[in-house]
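Structural features, examined
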Amino acid sequence: MRNAAAGGGRRGRRGRWAAVGAALLIASGALTVAGPGVTDAAALAGCSGRLAKRVPFATGELRVYKNRQYACAVTVARTPGARRPMAVTLQPRGARAVTDSGRFTRLAGPVTVHALNRCVRATGSVSGRGASTGWILC
């Protein structure tokens, strides 16, 4: 009785090992989700898929990601810091553009559009300086 009430004995040890096993299982699941194929940039950007296009400019970088059905874009500031005007726009051919703009410290976006069998174009800017891709992923 004393061991069961105090959490000791066989039942307590078995429970602790079960907790350790569960923690290891959760940690391995997190590695599977974030896996070795996911880069810090993709995790930061919030876009899924592979990096399809990078367009650097003076104050930042425009990144476009693509998976089977969707395209996603973000604008990343070269030096994170004070809030400044930033914007990202992504437009699939034949549809309306999706924009995220405002005063951000690190990145604008992500913006995602359905791009299965469609070309897209993206533009991004940080502090008034920017770049665009033209029609890509055709």
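Please refer to the structure placed before this passage.
Here's what I pulled together on the structure shown here. (Residues numbered from 1 in each chain as written. Predicted model: local features only at pLDDT ≥ 70, side-chain atom pairs only at ≥ 80, totals over all residues. Heavy atoms only, no water.)

1. Here we look at the state of the cysteines
Inclusion rule: In plain terms, two cysteine sulfur atoms within 2.5 Å form what is called a disulfide here.
The final tally for this structure, using the stated rule, is two disulfides. Within the protein, bonded cysteines paired by disulfides and numbered along the sequence follow the pattern 1-2, 3-4.

2. Remarks on unusual backbone geometry
Heads up, the condition is: Every helix listed is a DSSP run of H or I at least four residues long, and every strand listed is a run of E at least two residues long, numbered separately from the N terminus. Partly exposed residues are those whose accessible area sits between 20% and 50% of the maximum for their type, while under 20% is buried and over 50% is exposed, using a 1.4 Å probe and protein chains only.
Cis geometry is adopted by the peptide bond preceding Pro110, which originates at Gly109 and carries an omega value of 10°. Among the structural elements, Pro110 can be located in strand β6 (residues 107–114). Even without a glycine there, the phi angle at Asn117 is positive, about 60°. Turning to its location among the elements, Asn117 is positioned in the loop between β6 and β7 (120–126). Here Asn117 falls in the exposed class, since its relative accessible area comes to 76%. Despite not being glycine, Leu137 shows a phi value in the positive range, around 60°.

3. Points about the sheet that holds β6
Here is the rule we go by: Pairing between two strands requires that DSSP report at least two bridges joining them. Helix axes are fitted to C-alpha atoms over the stretch in contact, other axes to C-alpha atoms as well, and angles between N-to-C directions run from 0 to 180 degrees.
The four strands lie next to each other as β1-β2-β3-β6, forming an open sheet whose pairing is antiparallel. At either end of the open sheet lies a strand with only one pairing partner, and these are β1 (50–57) and β6. Pairwise comparison of adjacent strand axes, ignoring direction, gives a mean angle of 15° for this sheet. Relative to strand β3 (residues 70–77), strand β2 (residues 60–66) is paired through seven bridges, and the arrangement is antiparallel. Bridge pairing in β3 links Tyr65 to Cys72.

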